[in-house]
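Topology and contacts: notes
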Amino acid sequence: MSHHMNGSMLPTSHPPEHHHSSTTASGHGHGPDMMMMAMTFHFSCENVPLLFSGLTINSPGEMAGAFVAVFFLAMFYEGLKIARECLLRKSQVSIRYNSMPVPGPNGTILMETHKTVGQQMLSLPHLLQTVLHIIQVVVSYFLMLIFMTYNGYLCIAVAAGAGTGYFFFSWKKAVVVDITEHCH
């Protein structure tokens, strides 16, 4: 049995005495044209599958284009997370304040106030949040599958795009400071 490594795909072939039918009842082929994914990191620009069977990277130029596209997809994912948080804050409709006594220094009693915020289930903002959540989940799985190609260039694109997206979008993220917290 001979195995040759070319990029991210490993073609396998069997000697004639061990040749199996290329189709089985489960639909998994074992013929000479079967390809297996590389399970180690590599930096190849040939035969790199990208999400769909017809989308294969075969040149350094195609890899550069894929790198840019994946980089921006990862940035979009980070921006989408922050946009959903902003939308959630803007769509909060019911605000309730709860005050409760807590012991203070020297036997005094302090009032601690908590803010509780709610949202209506059957509302346009919640529907929009749901659609954006679906998009976020799909994009996150695409990024995971891209990373699982083990192609170093594409892995770097995912990580660098996520980091850049976080840098550009996270500063808008609201930071809540609890004034009763003493370990800042």
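Basis of the calculations
Residues numbered from 1 in each chain as written. Predicted model: local features only at pLDDT ≥ 70, side-chain atom pairs only at ≥ 80, totals over all residues. Heavy atoms only, no water. Pairing = 2+ DSSP bridges. Helix = DSSP H or I, 4+ residues; strand = E, 2+ residues; numbered from the N terminus. UniProt positions renumbered as here; feature names shortened; annotations may be inferred. Expected span 1.5 Å × (residues − 1). Buried < 20%, exposed > 50% of the residue type's maximum accessible area, 1.4 Å probe, protein only. Polar contact = N/O pair within 3.5 Å; in protein donor to acceptor, adjacent residues only side chain to side chain. Axes fitted to C-alpha atoms, helices over the stretch in contact; angles between N-to-C directions. Parallel < 35°, antiparallel > 145°, perpendicular 65-115°, else oblique. Left-handed = near helix turned anticlockwise from the far one by under 90°. Contact = heavy atoms within 4.5 Å. Nonpolar A, V, L, I, M, F, W, Y, C, P; charged D, E, K, R; others polar. Phe/Tyr/Trp six-rings, centres within 6.5 Å; stacked < 30°, edge-to-face > 60°.

Description of the pairing of strand S5 (residues 52-57)
One ladder, built from 3 bridges, connects strand S4 (residues 48-50) with S5; its direction is antiparallel. Paired with Pro 49 across the two strands is Thr 56, which belongs to S5. Remark: 1 residue form the turn of the hairpin made by S4 and S5, two consecutive strands paired antiparallel; Leu 51 in that turn has positive phi of roughly 70°.

As for the UniProt feature "transmembrane region" (unreviewed entry) in the protein
Feature annotation in UniProt assigns "transmembrane region" (unreviewed entry) to the following positions: residues 63-80. With 100% helix and 0% strand, the stretch residues 63-80 has end C-alpha atoms that lie 25 Å from each other.

Section: helix H3 (residues 152-169)
Along an α-helix, residues three or four positions apart point the same way, because every turn accommodates 3.6 residues. The end-to-end C-alpha separation of H3 is 25 Å, in line with the 26 Å expected for 18 residues at 1.5 Å each. The complete set of buried residues in H3 reads Gly 152, Leu 154, Cys 155, Ala 157, Val 158, Gly 161 and Gly 165. Where H3 starts, the residue carrying a side-chain oxygen 2.9 Å from the main-chain nitrogen of Tyr 153 turns out to be Asn 151.

Focus: the packing of helix H1 (residues 60-91) against helix H2 (residues 124-147)
One can describe the packing of H1 onto H2 by two numbers: an axis separation of 10 Å at closest approach and a directional angle of 155°. Considering the angle they form, H1 stands roughly antiparallel to H2. As H1 packs across H2, the resulting crossing turns out to be left-handed. Residues Val 70, Leu 73, Ala 74, Phe 76, Tyr 77, Leu 80, Lys 81, Arg 84, Leu 87, Leu 88 and Ser 91 of H1 touch H2, and the partners they reach there are Pro 125, Leu 128, Gln 129, Leu 132, His 133, Ile 135, Gln 136, Val 139, Ser 140, Phe 142, Leu 143 and Ile 146. Its residues placed into classes, the contact of H1 with H2 shows 16 nonpolar, 5 polar and 2 charged.

Quick notes on the packing of aromatic side chains
Each aromatic ring pair is described using two quantities: the centre-to-centre distance and the angle formed by the ring planes. Counted under the stated rule, the structure contains 6 aromatic pairs. Taking the centre distance of 5.5 Å and the plane angle of 75° together, the rings of Phe 167 and Phe 168 count as edge-to-face. In this structure Phe 168 comes out as partly exposed when scored by relative accessible area, which is 46%.

Focus: the packing of H1 against H3
In contact at an axis separation of 7 Å, H1 and H3 are set at 35° when each is read in the N-to-C sense. In the packing of H1 onto H3, the handedness of the crossing is right-handed. Of the residues belonging to the contact of H1 with H3, the class tally is 18 nonpolar, 4 polar and 1 charged.

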